[in-house]
Amino acid sequence: MKGFLPWLAVLALVLLLSALRLRALATVVSLGWLVWCVWTWFRPTRRDSRSG
């Protein structure tokens, strides 16, 4: 459940911004979250040069 908290928080924020008719800001938050998630999932791992 702890891993879903950031997802739920961003979802709640996007829904709140959308309800307040701040859809442009909600879109920016959504796209920023998506970019951050993709970056953390697919970024190249740092390899230790000494272990090679």
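In this text the structure is predicted, and so the values were computed from the model without any measurement.

Cut-offs applied
Residues numbered from 1 in each chain as written. Predicted model: local features only at pLDDT ≥ 70, side-chain atom pairs only at ≥ 80, totals over all residues. Heavy atoms only, no water. Helix = DSSP H or I, 4+ residues; strand = E, 2+ residues; numbered from the N terminus. Expected span 1.5 Å × (residues − 1). Buried < 20%, exposed > 50% of the residue type's maximum accessible area, 1.4 Å probe, protein only. Arc of directions from axis to C-beta. Contact = heavy atoms within 4.5 Å. Core = buried A, V, L, I, M, F, W, Y, C linked by side-chain atoms within 4.5 Å.

So, helix α1 (residues 5–19)
Link 1 in the chain: Over its 15 residues, α1 extends 21 Å from the first C-alpha to the last, a length consistent with the 21 Å expected when each residue adds 1.5 Å.
Link 2 in the chain: Among all positions in α1, only V10, V14 and L17 are buried. In a view along the axis of α1, the buried residues occupy a sector of 65°, so they form one face of it. What points out from α1, more than 90 degrees from its buried face, is the exposed set L5, L15 and A19.
Link 3 in the chain: For α1, the elements touching its buried residues are α2 (23–42).
Link 4 in the chain: Positive backbone phi, approximately 60°, marks R21, located one or two places after α1.

Re the nonpolar core
Grouped burial of nonpolar side chains is what soluble globular proteins tend to show.
Link 1 in the chain: One finds V10, V14, L17, A26, W33 and C37 forming the largest nonpolar core, which totals 6 residues.
Link 2 in the chain: For this core, the secondary structure elements donating two or more residues are α1 and α2.

Considerations on α2
Link 1 in the chain: Counted at 1.5 Å a residue, the expected span for α2 with its 20 residues is 28 Å, and the 28 Å between its end C-alpha atoms agrees.
Link 2 in the chain: Buried within α2 we find A26, W33 and C37. Looking down the long axis of α2, one finds its buried residues gathered within 35° of arc, a one-sided arrangement. Turned more than 90 degrees off the buried face of α2, the exposed positions are A24, V28, V35, W39 and F42.

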